[in-house]
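Commentary on secondary and tertiary structure
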Amino acid sequence: QVQLVESGGASVQAGESLRLSCAASRYTGSPYSMGWFRQAPGKGREGVAAIDRDGSTTYADSVKGRFTISKDNAKNILYLQMNSLKPEDTAMYYCAADRKYGGSRLLSPAVIPLLDYWGKGTLVTISS
């Protein structure tokens, strides 16, 4: 069983930056695509960014140009660099890993419920 642990969430003001990390353990077997997702209070889970094993990336329109997803394969760590943060970015942020889907499909609302492994989340709060 793959274990994912997010860190880096904080409360910051609009316009500031934050970097989230997701450490993966027991990360063996088939190659994984990975992604970041968020859930705001009272709303459903939304795809934010995804990355394939080869490093290709996919972003939600709402974060393009502001967020960057990356990974350190040697250390099994996934990152999300978040710049120019907005109040609407406030949410619990989760990382996920999947063996079945490529990164380009990971953010699809129909696919999100089918992803294999999830972390417990880290809270990001952006004040205006």
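Located above this text is the structure these notes cover.
Here is a short report on the structure shown in this document. Bear in mind the structure is a predicted one, so any value in this text is a computation, not a measurement.

Grouped together as the largest cluster of nonpolar side chains are 29 residues, with contacts concentrated most on Leu4, Trp36, Leu80, Met82 and Tyr93. Elements that contribute at least two residues to this core include exactly β3 (18-25), β4 (33-39), β5 (45-51), β7 (67-72), β8 (77-82), β9 (91-98) and β11 (122-127). By size, the runner-up hydrophobic cluster in this structure holds nine residues, among which are Ala50, Leu106, Ile112 and Leu115.

Turning our attention to the environment of Pro31. Looking at the secondary structure, you find Pro31 in the loop between β3 and β4. In the structure, Pro31 is positioned 57 residues away from Glu88 in sequence and 33 Å away in space, judged by C-alpha atoms. Sequence-distant contacts of Pro31, defined by excluding residues within four places in its chain, comprise Arg53, Asp98 and Arg99.

Burial within β9 is extensive, with seven of its eight residues counted as buried. As paired strands, β4 and β9 are joined by seven bridges and run antiparallel to one another. The partner of Arg38 across the bridge, within β9, is Tyr93. Sheet topology places β9 next to β11; three bridges connect them, and they run antiparallel.

Thresholds, definitions, all that
Note that residues are indexed from 1 along each chain, following the sequence as it is written. Owing to the predicted nature of the model, reporting of local features is limited to residues with pLDDT of at least 70; listing and counting of side-chain atom pairs is limited to 80 or more, with chain, interface and lining totals taken over all residues. As a convention, hydrogens and water are excluded, and side-chain values are obtained from all of the structure's heavy atoms. What we call a nonpolar core is a set of buried Ala, Val, Leu, Ile, Met, Phe, Trp, Tyr and Cys residues that are connected through their side-chain atoms within 4.5 Å. Any residue under 20% of the maximum accessible area for its type is buried, any over 50% is exposed, and the rest in between are partly exposed; the area is computed with a 1.4 Å probe on protein chains only. What counts as a helix is a DSSP run of H or I of at least four residues, what counts as a strand is a run of E of at least two, and both are numbered from the N terminus. The contact criterion used is simple: two residues touch if any of their non-hydrogen atoms lie within 4.5 Å. Here a strand pair is declared whenever DSSP counts at least two bridges between the two strands.

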